[in-house]
Structure formats: structure tokens, C-alpha cells
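The residues making up each chain are set out below.
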Amino acid sequence: MLTFALRRVGMVVPSLFGLLVLTFVLIHAMPSDPATVLAGDNATPAQIQEIRQKFGLDRSLPVQFLAYLDRAVRLDFGESAYSHRPVAQDILLRLPATLELVFVSLVVAAAIGVPLGTIAATRHNQLPDFVVRITTVMATAVATFWLAIMLQLLFAMDLHWLPLRGRFGDDIALPAPVTRFLLIDSLLALRWDAFVDAVRHLVLPVLALSLGSIASIARFTRAGMLDALQRDFVTYGRAVGIARWRLIWIYVLRNGISATVTQIGLLFGSLIAGGVVVEAIFDWPGIGGYAVSSIVSADESAVLAVTLVIGLIYSVVNIVVDIVLGLVDPRVREKG
Amino acid sequence: MAKSSRARLSRLFAAAAVAATLSTSCAWADPNVLVSGDPLPASLDPHQLYDVTMQTYMLNTYDTLYRYEGNPPVLQPWLAESSEVSSDGLKWRFKLRSGVTFHDGSPMTADDVVYSFRRVLSLGKAPAGALKPILKPDNVTAPDAMTVQLQIDKPYAPLLSTMPIVAIVNSRLLQSHTVNDDWGTAWLASQEAGSGSYSLDTANYVPQERLDMRRFDKHFLGWAENPAAPKEVRFRPTKETSTRVLALLNHSIDETDGYLPTDQVERIEKADGVRVEKNVSMALFLIRMNNSKPPFNNLDFRKCLSYAFNYTGFNRDILKNFAARDPTPMPVNLWGYPKDIKGYEYDLTTARSHCDKARAAGVAMDRELEIHVPAQLEQTTQAAQLFQSDLATLGLKTRIVTEPWAQLTGSTAKAEGSPDLWVHWVSTYFVDPENWIGQMYDSQFAGTWKASSWYKSDKVDGLLRKAREVTDQAQRQQLYEDATRQIVDDAVDIWINNTVELRGVSSRLQGFRYSPVGGGTEMRWVHLKD
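The structure displayed is predicted, hence computed values, not measured ones.

What to know about the overall build of chain A
- The secondary structure content of chain A amounts to 16 helices and zero strands.
- Summarising the internal contacts of chain A: among those between residues at least 6 apart in sequence, 73% fall at separations of at least 24.
- As displayed, chain A has an accessible area near 15,600 Å², and 70% of this comes from carbon and sulfur atoms.
- Across chain A, 26 positive and 25 negative side-chain charges occur, with their mean positions spaced 12 Å apart.

Observations regarding the packing of aromatic side chains
- Applying the stated rule across the entire model yields 23 aromatic pairs over all chains.
- Seen from their ring centres, F103(A) and F268(A) are 5.5 Å apart, and the 35° between their planes marks the pair as tilted. You can see F103(A) sitting in helix α6 (residues 87-122) and its partner F268(A) sitting in helix α13 (residues 258-281), a full 165 residues away along the chain.
- Owing to a relative accessible area of 35%, F103(A) belongs among the partly exposed residues under this scheme.
- On the basis of an interplanar angle of 70° and a centroid distance of 6.3 Å, the ring pair of Y57(B) and Y62(B) is categorised as edge-to-face.
- Aromatic ring contacts, followed pair by pair, group F285(B), F309(B), Y311(B), F314(B), F387(B) and W425(B) into a single cluster.

Some words on the interface of chain A and chain B
- Contact residues are listed per partner, giving 54 residues for chain A and 60 residues for chain B.
- Applying the counting rule to chain A against chain B returns three salt bridges.
- At the junction of chain A with chain B, the criterion picks out nine residue pairs in polar contact (both at pLDDT 80 or more).
- When residues of the side of chain A that touches chain B are traced back to their parent elements, those giving at least two are α3 (34-39), α4 (45-54), α6, α8 (144-158), α10 (192-229), α13 and α14 (287-296) of chain A.
- Counting residues per element, the side of chain A that touches chain B draws most heavily on α8(A), at five residues.

Things to note about the pattern of salt bridges
All names here are of chain B.
- In total, this model carries 48 salt bridges over all chains according to the counting rule given.
- The salt bridge partner of D482 is R485, with a shortest N-O separation of 3.7 Å. Remark: R485 and D482 occur in helix α16 (residues 473-489); sequence separation between them is three residues, near one turn of the helix.
- D482 gets classed as partly exposed once you look at its relative accessible area, which sits at 30%.
- The class for R485 is partly exposed, based on a relative accessible area of 26%.

The rules behind the values
Residues numbered from 1 in each chain as written. Chains lettered and ligands numbered in written order. Predicted model: local features only at pLDDT ≥ 70, side-chain atom pairs only at ≥ 80, totals over all residues. Heavy atoms only, no water. Helix = DSSP H or I, 4+ residues; strand = E, 2+ residues; numbered from the N terminus. Contact = heavy atoms within 4.5 Å. Areas by Shrake-Rupley, 256 points an atom, 1.4 Å probe, with all protein chains shown as cover. Lys, Arg positive; Asp, Glu negative; His and termini not counted. Charge placed at Lys NZ, Arg CZ, Asp CG, Glu CD. Phe/Tyr/Trp six-rings, centres within 6.5 Å; stacked < 30°, edge-to-face > 60°. Buried < 20%, exposed > 50% of the residue type's maximum accessible area, 1.4 Å probe, protein only. Salt bridge = Lys/Arg side-chain N within 4 Å of Asp/Glu carboxyl O. Polar contact = N/O pair within 3.5 Å; in protein donor to acceptor, adjacent residues only side chain to side chain.

Next comes the structure, spelled out in C-alpha cells:
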């Protein structure tokens, strides 16, 4: 298992290097001038030239890339041209909000999607199966931004049950930042008011973000379970009198869920991308809005750092998924 | 589990249950707290950033030597009591007001003003744009504790009007946070060192997400004129227009930003407890033409395009008349605007005749013209689409290209990279014609986005440079009027309107004063009605 895990970790370094090269080349392929951005709106040509020299932007691209790489391995991502703060500080401030939103959405999606898919498979071509199939198709087709606005109109504007926007309320003192995940920090501080407030702010963004994932997970689980239910061990299990719930929820599910686990890893990436829209609509102070602002303002240091950090997290999540898959299905470990 | 722990947990769960049943809170409940949905500046350092988002923050937390008040804006002494200029126009002396204290209680002196100017000039970022070509850091001095002197390199008549750009910072505080000669930039990006009417609550500040300010009771101006000014102002910026409007309607915020789309105006006006503040700004909306590139280097072709834009259709039908037609590069409400000027009107027949003349002169018009628009600014796309349809009737092929603002401005550094046409606003950074035609059409600014027409006229250069140097106001006005007429005759760009700023506000917000300089709001003049 250790060799298996190490092999997966070893593959991350070249992937991240490739990602960094690609992003660096793409940024410089654009006709924007980072010196103009750094100088600001009212700068004169002389000011722009001065800044170009000061930040080494007049050097060749390979030299600039090596200099960036040298700083990046020391976790020095430079200063943001947009916020004028260290990029690492900006990312640290926003990343936990995005990760909290995405992780909670994934957990919710898995907690609802897996049982739905399982029920649909075990009631194949019966009413529950039809319901799940139709609703998942509908859920996949719903545009996230439309759903988000509808949720706001219903639950925040009409019913006044949940907050319209933001990550926590104005009248609640924040718990001391330990992990910067509000749910965890409020629990660590035994601050239930803050915990409840954080949950209430999470409900609508999580619903908007996870609906598509619920549908996707349900459909993958249904397909995997249908395949597993055809296997001989199921007939054998029934013949020896294993209880139906045990047979389905333990043995069949374990055999049929491999594709779903892989899909959950892939969904993580699409949730971070989809989160940009949800973060904008709900004013969720995450990395999505920061990434968009960085791209719009051609903030090279920030774009590179965000790409690298998200790439790293995506890689880590997929290593975890591979390890979980190896634990669930020993055949994966053996194949390497 | 011990009994006391169980009891504690029970109490916590009970509190949680109560909190969970609460409906969403209403910010309007507190008559002393104003909640603004205005966007926050990316950095809090007013010497690093000088854009529209910085204006409100800077106006409230910092003071300047002079300040613009009202609409049209009038320059008033603020931290300076008076100023005088030498007969050659090179030496400016500012007498400072006494009894001004910073938020930490320390007194403001001439040393703070000198430090502030030197910091702006040394950092060389956006706020230095107007001053750097004429003022060296060492030429800002303090003859005594309450006098500041600026020795400029050449006469510069708009100098006084640029004074509201330089925020006066607490030099001792910044020096104590300076690391590696960085002028305290790392620290001030998230902190505050001013003497303004409000002070920043640094403990509660989260960049781009939340910013709270508290009334500074010891502000030099006192609070007698508006004793009911809010004790606290909270900024809760919203990124999406729909969320921003919903937040106003459900009483989460007291004001939106000043860029309300026209389709949201009616919605707000129909709702209870909210209204729309409408104020003519000095921001100029225009379509740039790259005069250095064929076919735009031909006067008849540029006139053809100038007659082909449907000004009335755009201002009346698309913007619902929330715009003032401006046929020149100067704001209609600024001195130097020639009152008798006609400009160009929408007339496709005349446009076609100019295009025919250009064609007869051998101008090739076959290539596809690109109209660039900044991303996320819907109005620019609407203008481009309207223009595209009329140009098609003249047989001109066009393509609309959407790009991030930074990419667009970056591309204007060179004539060959500048777009054929691009749509944008020129905002008000200081109230002098220099902010508009001075920096847009004097060829010495070529290479900046503001001068991206790549227009070169010796006559206009001469007029604008003279207007920059002479101090007689009547003479300056005549020079700018002459320059404007020539630029319009040369059909350098397509000037469309001065924008009307539309801001949704709660009905309890009273005393709102609009400033066209960056659209900033001074909270010291407003109050919240019970």
C-alpha cells in the first residue's frame, strides 16, 4: 500500500511543473503588459518603464520563469499587482472558504447521491428508478447560476429563512482562526452560535453547487451497482441466506462503487471551477472570485500561484481517492 | 461525561436551536450603522492605488490638502488653509491648518505632508501620474512646521486641482512599519494611517469582503454641521448585480454601488423603502479610434464612423435617458467645454458620403475592423453591437472582441498593438481639462491607455501645452475650447455621453452628496432617518 501511495505522490511533481510551464506560457501569450497593470490606471510611459525595470519584466521569458520557479519553491509567490499584498497571504485568506464550500458540497452530494443510486439500482425499472433517472437528468440540466438566484429569491427574499449572501453574519463574532474553516473553528471554540450561523450561510451555496454532483454520483452509483448486482457472488450470497440489506449495502456497494469514488475525485475539480459562479452570486469570499479578478487584471503572480495551489490540491485529492479506491478494492493496489 | 459538561453542552445546543430559528437579520434596525454595498479597493494604500474603488475609502479615512465638494465639484481648502504660487508658477506654498490630529492622536505637521508627497512620488504608482513629470521628491520641503513647499520643474496650472489625489498619511506610524525601505507598503495595504472623518476597524477588516469604519469624533472639522452622521459604516461589497439589488430590497444594505444597470432602476423605484439617486457624472463614454492605422488615418473615414453611431438611440433607448449627450472629449459641465459646439449626429447618408470620399482617395476598407470591449462591462458591449449593425449597412465588416480591462490597456502601449476601435469610459481623477483632453490628445502621452487614439497634431499639442503652463483662468479656458474644437473637427474619436450615475439607496439614507470625482461618497454628510 505504501509503495502504491508513494508512486501516486511521485507523479504529482512533474504534473505540477507542466501545469506551471503551461500557465506561464499562456499568460505571456496574451498581449497584456504586466508593467502597465502594476503601474496603475494613470501612470505615464516613463513610470511604466521604471516599473518594468524594477520588477525585471524587461528580462527574457526563460530568465523570468526561472526566477519565478526559484521563488515558488520557497513558497514566495511575489506581490499581487491587484491587491499589492503578498499573493500567498491573499490565497491563504480565501482558499479555506472555497475548500469548505467544495468539501461540504462533495459530502452532501455523496451522502445523497450514493443512496439514491443504490436505491435506483435495486429497484431497477421500477418507480424509484424512474424517479431517480428523471430527476438526475433534470438536475444535470439546471444551470447553476439560475438555480442559485432562484434559491436566493425563495429562501432569502420570500421566506426569510436563510441569509442572502456572505459566509457569516454581521452580528456574530468570528471564532478565533485556527484552520480558517469556519465550521471547524467554531466547533473548536465551542461556539455553537457561530457554527449555526456558518451552517445557515452554507446551505444555499451548497445546494446550488452540489445539485449537479448529486445527480452525477447517483447515476455513476446506479450503473456500478447494476453491474455488480449481475455478478455470481450476489446469487451466492442470496443462496446462503445473507440478509438483503447487508448484501446490498455492504457487499454489492463495495464492488459497485469504484467508478463513483473516481468520479468524486474528478468532481472536486469541477466543483472548484463551478464554484466561481456560486461564489460570485452568494458573495462567498473564496478563491474563485480572486482567480477571476487576477485574470481580469492580468495579475501574473496571482494567476500562477492560484493555478499552482489549485493544481496541488486537486492532485492531493486524487491521491486520496486512489488510496481509498485501493482500500475498497484490493485489485486496484495490485494493478498499481 | 461530567454533569457540568453535560449541562454546558445542553445550554450550547439550546442556544444553537434559538439561533437556527432566527430569520435573516435586518441591517436597517440600527440607526447608527450604515451598510454600504460599494466595492472595496483591492489595497487600502491610497498611494499605491488610485481608482474608482479607492475614492470612498480614501475620502472617509484620509484628509488631503484640498478637497472637491459638490457637483459640479468645487475645490476647497481642507488640510491647507491657503496656498500661494510664485510669479513664475514654479514655487507653491501651502499653509497648513493647525489642530489636526491623526487617528492615533498624534498631531499632523508639515513633515507628514512632505513624507506623503515623497512617498507617492517614490512609489511611482497611479497617484503619482499627474505629479511625477513635474515634481521631484526632494523638491517637496517644509520651511516650517506648518508650511509645505513644492518646487516644480516647469509651470503646471492644474497643480492645485491634483492636490486631492495625495492622501496625507501619519509619517511616524508608517516609518515604524517600514521594512527594507518599502515605505511601509506591506503594512498599509491592510491598515490605515489617516486623519479622516472615519477610522478603520483593522481587527474586523477582511480584504475585499468586509471593512468597518468608526466615526472619528476628534476630526478637525468637528461634527456640528451633521451631528447625526452614522457612528459606524460597514462595507459589504457584492459582486453580482442581482445579489446587490436583492440585498438592498431585503434591507441588508443601505446603498448599492453607483453603476446600477438601467433595467434595475424601475425595479427599485417600484419597491418600498428604497430609491434611486441619479446624478450626472463627468465620466466620458466614448469609442476610441486608432488614428495611426489605416483606414483610421483618413479624416473622411473617421467622419464616416462619427456620423454612423446612433447617439440618440443609444442614450434614449438603451440607457433610458440616463446619460447626457456629450459630442466632445470634455465633460459638458466643465469649464473649457465650448458651449456652441455641435459635434456629430447620427446620419447614415452623410456617413456614406464620407466613406465614399475616403474610398475615392484610395483608402482600403475591405479588412475586418475590430471593436474591442472590456469584459464584464455590459454597456460597452451594447454600444459595440449597436455600432456594428449600422456599420454593416455601410458595408463595413466588424468583429467584437471582448478582453479583460488590463489586457486592453496593456495592448495600447504601442500603436500597432492598439485596437482599431475600443469602447470605454474616462473617469474623473481630478477636475481639470487636463484629466480629459490634456492626457487624451497631447501626443507626449502616447503609450498610455488614455492616449490610445495615437493622435498627433502640432496645433493641438501647442494649445494643450500652453494651457498647462499659463495660470490665467480665462486664457486657459480659451485654449481648451480651441483645442476641443480642433479635436472634434479632426473626428479623432466618437464621443457619446457623460454617464448618469445610478445608485440604489435606502429611504432612511438622507443627505447623500454625490461627488463626480470617482463617484466617492463622504459619509460625514449623510445621516440615517429613524
